[in-house]
Amino acid sequence: FASNPVENVTIAGDNKTKSPVTFAGVAAIAKACNKYLEHFDVGASSCGGNRLDVMTTVFCEYCRRLRYVDLRKCDLSGVLPASADAWEWAEHLEYLNVEENPLTGGFPECIATLPNLKQLHLGYTKITGAIPEEVATKSN
């Protein structure tokens, strides 16, 4: 990968068929692409059975340039991490989709501090609470 780094990975399923990629596969892809990965789409995949915070830990360790992350319909459970440290990987993030996952808990205020976030998709989750005004009024 050093001579031709991979920046975009799409292994998404569709509304009828899930992509066969597992969480171990997702983690291996993230590790292999390391710091070059910018676009990561594994929506509607079989990487479920894991908590979202486990996935963000992988991103924190290996994927610091991500701009686009689609994790919709991956059966990811847990909560959106509330710690700003858990979102260090997301400095460049513009698009995050976690729709249709059994996520619970409140909306973390630290998401409002992500400087480049333009699209955030949370539909069909069980996330509760108010979305901070900073998110709704972001100029970008």
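Above this text you will find the structure in question.
To start, this report covers the structure provided alongside it. Throughout, a residue's number is its position along its own chain's written sequence, starting from 1. Two thresholds apply to this predicted model, a pLDDT of at least 70 for residue-level local features and 80 or more for giving and counting side-chain atom pairs, whereas whole-chain, interface and lining totals are computed over all residues. In computing side-chain properties, one takes all heavy atoms of the structure into account and sets aside hydrogens as well as water.

### Some words on helix H1 (residues 23-33)
Basically, it comes down to this: Think of it in three bands: with a 1.4 Å probe and only protein chains considered, a residue is buried below 20% of the maximum accessible area for its type, exposed above 50%, and partly exposed in between. Helix numbers and strand numbers start at the N terminus; a helix is a DSSP run of H or I with at least 4 residues, a strand a run of E with at least 2. To obtain the arc, one takes the directions from the helix axis to the C-beta atoms. Throughout, a residue-residue contact means that at least one pair of heavy atoms, one from each residue, lies within 4.5 Å.
When H1 is considered as a whole, its buried residues turn out to be Phe-23, Val-26, Ala-27, Ile-29, Ala-30 and Cys-33. Looking straight down H1, one finds that the buried residues subtend no more than 160° of arc, so they occupy a single side. The secondary structure elements touched by the buried residues of H1 are strand E1 (8-10), strand E2 (39-41) and helix H2 (52-62). Positive phi shows up at Asn-34, right after H1, with a value of about 45°.

### What about the sheet that holds strand E5 (residues 95-97)?
Basically, it comes down to this: Any two strands with at least two DSSP bridges between them are considered paired. Inter-axis angles, ranging from 0 to 180 degrees, are taken between N-to-C directions of lines fitted to C-alpha atoms, where helices are fitted over the stretch in contact.
Taking strand neighbours across the sheet as the criterion, the five strands line up as E1-E2-E3-E5-E7 in an open arrangement whose pairing is parallel. At either end of the open sheet lies a strand with only one pairing partner, and these are E1 and strand E7 (119-121). Averaged over all pairs of adjacent strands, the angle between their axes in this sheet comes to 5°, without regard to strand direction. By the bridge criterion, three bridges tie E5 to E7 in an arrangement that is parallel. By the bridge assignment, Tyr-95 is partnered in E7 with Gln-119.

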